Amino acid sequence: EDKVVQSPLSLVVHEGDTVTLNCSYEVTNFRSLLWYKQEKKAPTFLFMLTSSGIEKKSGRLSSILDKKELSSILNITATQTGDSAIYLCAVTGDAGNNRKLIWGLGTSLAVNP
Amino acid sequence: NAGVTQTPKFRVLKTGQSMTLLCAQDMNHEYMYWYRQDPGMGLRLIHYSVGEGTTAKGEVPDGYNVSRLKKQNFLLGLESAAPSQTSVYFCASRWGQGPNQPQHFGDGTRLSIL
């Protein structure tokens, strides 16, 4: 059965800390891995990763995929209180023409001032 | 730049009542999805559509029906609401072409069934 596991489930840090969030997956015919940030409302798209070893970066956030280890990490440097959110990881596999995502349960990050 | 719009934002129903949640997207996306999100359960797919006039079941379809009569709209119906359907419902859409396109989400509908 296809699945996505995120760790840790929750994390509390102080402003300025660097955090690393993990996502591991088991999926038939992997196509892509996506990271989303969810604050109060809608999950918002952060990164899509398809190739191993190529880092995607946006400001203080970066992510990389390791297809050999079937995993990805999301790094946030110099954390700010505005980074407090649930970070969701999702994976697409070769599930025909429906383009469904398999979701992890998320990592809840709290950044304290 | 509206993106994905869900209505209503909040609703309280009594057990047995019916209602329809509306999702509208203005990005000309082919694929649309309905999820529910519950504590400890993550996002679970209810139904989805790969184009106008098509619908298909996700992992938790029981108790829900959907329709996609127009490309831009995806409706989720509860025929006889049950307390177990208390949840936050999210609609998402994505561009159809190519395997690697992200889903874009609406702000959600918080539904309580008493």
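Residues numbered from 1 in each chain as written. Chains lettered and ligands numbered in written order. Predicted model: local features only at pLDDT ≥ 70, side-chain atom pairs only at ≥ 80, totals over all residues. Heavy atoms only, no water.

Student: Sorry if this is basic, but what is going on with the pattern of salt bridges here?
Tutor: Following the criterion strictly, the structure yields five salt bridges over all chains and no others. For R60 of chain A, the salt bridge goes to D83 of chain A, with nearest N and O atoms at 2.8 Å. One end of the pair, R60 of chain A, is in the loop between strand 6 (56-58) and strand 7 (61-66); the other, D83 of chain A, is in the loop between strand 8 (71-76) and strand 9 (85-92), with 23 residues separating them in the sequence. By relative accessible area, R60 of chain A is classed as partly exposed at 22%. A salt bridge links R44 of chain B to D38 of chain B, with the nearest nitrogen and oxygen atoms 2.9 Å apart. (Salt bridge = Lys/Arg side-chain N within 4 Å of Asp/Glu carboxyl O. Helix = DSSP H or I, 4+ residues; strand = E, 2+ residues; numbered from the N terminus. Buried < 20%, exposed > 50% of the residue type's maximum accessible area, 1.4 Å probe, protein only.)

Student: Just to check I follow, could you spell out the interface of chain A and chain B for this structure?
Tutor: Note on interface size: it is often stated as the accessible area lost on association of the parts. Contacts between the two partners involve 20 residues from chain A, matched on the other side by 23 residues from chain B. Roughly 1800 Å² is buried in total at the junction of chain A and chain B, and carbon and sulfur atoms are behind 59% of that figure. Summed over the shared surface of chain A and chain B, the result is zero salt bridges. Inspection of the chain A/chain B interface yields three residue pairs in polar contact (both at pLDDT 80 or more). No other element matches the four residues that strand 4 (residues 32-38) of chain A contributes to the side of chain A that touches chain B. (Contact = heavy atoms within 4.5 Å. Buried area = accessible area lost by both parts, 1.4 Å probe. Polar contact = N/O pair within 3.5 Å; in protein donor to acceptor, adjacent residues only side chain to side chain.)

Student: Is there a simple way to explain unusual backbone geometry in this structure?
Tutor: One can expect most non-glycine residues to show negative phi and most peptide bonds to be in trans. Between S7 of chain A and P8 of chain A the backbone carries a cis peptide bond, its omega angle lying at -10 degrees. The topology assignment puts P8 of chain A in the loop between strand 1 (3-7) and strand 2 (10-14). For the bond running from T7 of chain B to P8 of chain B, omega is -5 degrees, close enough to zero to count as cis. Here P8 of chain B shows up in the loop between strand 1 (4-7) and strand 2 (10-13). The phi torsion at N29 of chain A lies on the positive side, around 50 degrees, for a residue other than glycine. Structurally, the position occupied by N29 of chain A is in the loop between strand 3 (19-26) and strand 4. Not every positive phi belongs to a glycine, and L70 of chain A is a case in point at roughly 55 degrees. Of note, L70 of chain A is situated in the loop between strand 7 and strand 8.

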